[in-house]
Amino acid sequence: MADTTEMNETAIGTQPPPAWEPRIVAFLCNWCSYAGADLAGVSRLQYPAHVRVIRVPCSGRVNPLYIVKALQLGVDGVLVSGCHPGDCHYISGNLIARRKFALLKSFLEYLGVEPGRVQFSWVSASEGNRFADLVKKISADIRKLGPARQMKKEAR
Amino acid sequence: MHDAQTKLRETAKDLLVSAKVDLVLGFQNGSLPLRTRPCFARNAADAGRLVWNRLCTNNLAVYLPRLFEKPANVRGPWTPPKVAVVAKGCDARSIMGLVKEHQVIRENVVIIAMPCQGMISLRKAEAAGASARTSKLDGDDLVAQACLECIQPSVPGANIIIDGPSRSAASDRFQRVKDFEALTAAERWQQFVAQVSKCIRCYACRQACPNCYCKTCFIDQTKPSWAGVGDDPTDLLLFHIGRVFHQAGRCVECDACVRACPVGIDLRLFTQKLVKDVEELFGYVPGTSLEEAPPLSTYRPDDSECFITDP
Ligand code: SF4
Ligand code: SF4
């Protein structure tokens, strides 16, 4: 749920239009971040309802093309989250992924994709609070950026 | 130059006649001026056609993976061929990479190391016009950008070395990338889109690249279909981001993609960013050794975390 200050900012700003709410796709690993999001839920923590969660077995399962494709399909932001380094259910999936993500983030920003559209984080199964805070932060970042248009495929 | 060519022909002839190799992959004169084309030499007569000059631009490593693949019509045991490759520094680096990725059998490849002074850029030559062309073939005026920035003109993993004058390694090769980094995000995006929107999706860049040996390229996949088949600008963006990113930690800056592109897209500006990042973040330079694991198949516990978002 968007908190009220955020709503007001949107209402008085000229851009983006008030009807727009960020749409964020979150790729969460089954073992840590998804459970962390679950914990945020069962703990009744409030956070903006802007994320659409896609559960993946491991952050290492996230193909960089998923991220680029999500942007093409018109999402406003992408979050990828897995277990903290050292805690991977598959020992090193997130450590291999970390290299891939470091390169991808740097590469997308080099090309001029707005920094902040694509973000990576670590959330453990016990960090419901961290997950809620993370979504608050990312959702605020994306709201500041406005709707994503760079990569979005428009019907022609 | 000519000495090297004579020695190359002799070497190739020896290798073929003594049946040390089944095939020598090299260059022969093309039918257009300033062009060479690949030569698949299988006997002494073929070896006599081999040439070596500053127009031997192609990266012949591109042919290797398919030579080491068991043909579909062969049942039972199959002996992979022995192949000698006429190689510049960049070509040999590609071969090293392919060996690491298990596409090429190292023992079956004889790397013939050629002296490289830098290859002529056809685009620069065309721009210079006919008269300038012939007079400038010796200096650095018409040399391709990639060669001016080459860090490895000497050939890694050479089995046979053919001597001759060769250029020295460049020190700073990332100036263009740094200049691009210094632009604003909006300017970079605008330039990237401007480059990519010229693309006609011929996929020549992919075909020319030795690293692009996948049986089915992501761009050709239909399940899932990553991109539409038309000329939608976002499909072009997706193709280029995908292609270049698949080169992360693998691109040897051979410039084959740049040469192949019929519309002259500045692909190097984008492939080089990943080369630079891989070098800076993981201290890895592709194709220089056989021992080091490919950077994206391994990790260090202390790899950079600076890109992680903390709430
Ligand atoms: S991406 Fe281009 S420069 Fe890099 S290895 Fe492939 S063909 Fe060569
Ligand atoms: S060679 Fe050039 S035009 Fe052809 S697909 Fe590659 S970038 Fe596009």
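Undergrad: Mind showing me how you'd approach the domain arrangement of chain B here?
TA: It is common to give the size of an interface as the accessible area lost on bringing the parts into contact. Residues and elements named next belong to chain B. Each domain of chain B was delimited in the assignment, giving domain 1 (2-161) and domain 2 (175-309). Centre-to-centre separation of domain 1 and domain 2, based on C-alpha positions: 24 Å. Listed per partner, the contact involves 26 residues of domain 1 and 28 residues of domain 2. For the domain 1 and domain 2 pair, buried surface summed over both sides reaches about 2200 Å², with 53% attributable to carbon and sulfur atoms. Three residues, Arg93, Lys100 and Arg123, lead the burial of domain 1 against domain 2; their summed loss comes to 29% of the area buried on that side. For Arg250, the salt bridge identified is with Glu101, shortest N-O distance 2.9 Å. At the junction of domain 1 with domain 2, the criterion picks out 12 residue pairs in polar contact (both at pLDDT 80 or more). The leading source of residues in the side of domain 1 that touches domain 2 is helix H4 (residues 89-100), at eight residues. Here the side of domain 1 that touches domain 2 is built from residues that sort into 11 nonpolar, eight polar and seven charged.

Undergrad: What is the right way to look at the site of ligand 2 in this model?
TA: Residue and element names in this part refer to chain B. Close to ligand 2 lie 13 residues; Cys199, Cys202, Tyr203, Cys205 and Cys261 are nearest. Where the shell around ligand 2 is concerned, the elements lending two or more residues are helix H9 (204-208) and helix H10 (233-245). Across the shell around ligand 2, the residue classes break down as 11 nonpolar, one polar and one charged.

Undergrad: Can you help me understand the site of ligand 1 in this one?
TA: Residue and element names in this part refer to chain B. Around ligand 1, the neighbouring residues are Cys209, Asn211, Arg243, Gln247, Cys251, Val252, Glu253, Cys254, Asp255, Ala256, Cys257 and Thr271. Taking a 2 Å distance to the grid points as the criterion, the majority of the atoms of ligand 1 fall inside the second largest cavity. A class-by-class count of the residues in the shell around ligand 1 yields six nonpolar, three polar and three charged.

Undergrad: Just to check I follow, could you spell out the state of the cysteines for this structure?
TA: Every disulfide links exactly two cysteines, by a covalent bond between their sulfur atoms. Counting across every chain of the model gives one disulfide over all chains. For Cys32(A), the disulfide goes to Cys83(A), at an S-S distance of 2.4 Å. Its torsion about the S-S bond being 100 degrees, the disulfide of Cys32(A) and Cys83(A) is classed as right-handed. Of this pair, Cys32(A) sits in the loop between strand S1 (24-29) and helix H2 (33-42) while Cys83(A) sits in the loop between strand S3 (77-82) and helix H4 (93-111), and the two are 51 residues apart along the sequence. The pair Cys32(A) / Cys83(A) is uniform in exposure class, with both members buried. Between Cys150(B), a free cysteine, and Cys90(B), which holds the nearest cysteine sulfur, the sulfur-to-sulfur gap is 6.3 Å.

Undergrad: What's the story with unusual backbone geometry in this structure? I'm lost.
TA: In most cases, non-glycine residues show a negative phi, while peptide bonds are predominantly trans. All names here are of chain B. The omega torsion of the bond from Lys223 to Pro224 falls at 5 degrees, within 30 degrees of zero and hence cis. The topology assignment puts Pro224 in the loop between H9 and H10. The backbone of Leu34 shows a phi angle near 65 degrees, a positive value even though the residue is not glycine. A relative accessible area of 18% places Leu34 in the buried class. Even without being a glycine, Glu253 presents a positive backbone phi close to 60 degrees. Inspection of the secondary structure assignment puts Glu253 in the loop between H10 and helix H11 (256-260).

Conventions and cut-offs
Residues numbered from 1 in each chain as written. Chains lettered and ligands numbered in written order. Predicted model: local features only at pLDDT ≥ 70, side-chain atom pairs only at ≥ 80, totals over all residues. Heavy atoms only, no water. Domains from an automatic or database assignment. Contact = heavy atoms within 4.5 Å. Buried area = accessible area lost by both parts, 1.4 Å probe. Salt bridge = Lys/Arg side-chain N within 4 Å of Asp/Glu carboxyl O. Polar contact = N/O pair within 3.5 Å; in protein donor to acceptor, adjacent residues only side chain to side chain. Helix = DSSP H or I, 4+ residues; strand = E, 2+ residues; numbered from the N terminus. Nonpolar A, V, L, I, M, F, W, Y, C, P; charged D, E, K, R; others polar. Near = heavy atom within 4 Å. 1 Å grid on protein atoms, 1.4 Å probe; cavity = no way out; pocket = protein on both sides within 12 Å on 5 of 7 lines; lining within 4 Å. Sits in = over half its atoms within 2 Å of the grid points. Disulfide = S-S within 2.5 Å. Buried < 20%, exposed > 50% of the residue type's maximum accessible area, 1.4 Å probe, protein only.

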